[in-house]
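Architecture and fold: a report
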Amino acid sequence: MFKWFRSLRNYFRDAWGEIRKVSWPGRKELLASTITVLAVIVIMGIFLGVVDLVLTSLMSLYLK
């Protein structure tokens, strides 16, 4: 039982040590990345919407 607690303690200590090594992005870099991700999401949404519209139109023409 104590071995389990010791290994859990070691896990959290090692995880905290790894978190301290992380190079966190600055405010500018974070903002640029966020804007890039949002732009890609919007572009992909528009693209998939157009593809869906075209395929729906083609299917309705085919089924008539």
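This text follows the structure it describes.
Quick caveat: nothing in here was measured; it's all calculated off a predicted structure.

Moving on to the overall build of the protein chain. Across its full length, the protein chain carries two helices and zero strands. Computed over C-alpha atoms, the radius of gyration of the protein chain comes to 25 Å, more than 25% over the 11 Å expected from 2.2 N^0.38 for 64 residues, which places it beyond the range of a compact globule. A principal-axis box enclosing the C-alpha atoms of the protein chain has dimensions of 70 × 40 × 10 Å. The buried share among the 64 residues of the protein chain stands at 0%. Carbon together with sulfur atoms contributes 73% to the accessible area of the protein chain, which is approximately 6,600 Å² in total. Both charge centroids of the protein chain, one from 9 positive and one from 4 negative side chains, sit 10 Å from each other.

The tally for this structure, following the rule as stated, stands at two aromatic pairs. Ring centres of Trp 4 and Phe 5 lie 5.1 Å apart, and the angle between their planes is 75 degrees; on these two criteria the pair is classed as edge-to-face. Relative accessible area serves as the criterion here: at 43%, Phe 5 is assigned to the partly exposed category. With a centroid separation of 5.3 Å and an interplanar angle of 70 degrees, the aromatic rings of Tyr 11 and Phe 12 are classed as edge-to-face. Each member of the pair Tyr 11 and Phe 12 is classed as exposed.

Our focus in this paragraph is a nonpolar patch on the surface. On the surface, Val 42, Ile 46, Val 50, Val 54, Leu 55, Leu 58 and Leu 61 cluster together to form a nonpolar patch covering roughly 670 Å² of accessible area. By secondary structure assignment, the location of Val 54 is in helix H2 (residues 27-63). A relative accessible area of 44% means that Val 54 is categorised as partly exposed.

The rules behind each value
Residues numbered from 1 in each chain as written. Predicted model: local features only at pLDDT ≥ 70, side-chain atom pairs only at ≥ 80, totals over all residues. Heavy atoms only, no water. Helix = DSSP H or I, 4+ residues; strand = E, 2+ residues; numbered from the N terminus. Rg over C-alpha atoms; globule rule 2.2 N^0.38 Å. Buried < 20%, exposed > 50% of the residue type's maximum accessible area, 1.4 Å probe, protein only. Areas by Shrake-Rupley, 256 points an atom, 1.4 Å probe, with all protein chains shown as cover. Lys, Arg positive; Asp, Glu negative; His and termini not counted. Charge placed at Lys NZ, Arg CZ, Asp CG, Glu CD. Phe/Tyr/Trp six-rings, centres within 6.5 Å; stacked < 30°, edge-to-face > 60°. Patch = residues over 30% accessible without salt bridge, like charges linked within 9 Å, V, L, I, M, F, W, Y side chains within 5 Å. Salt bridge = Lys/Arg side-chain N within 4 Å of Asp/Glu carboxyl O.

By themselves these figures say nothing about function.
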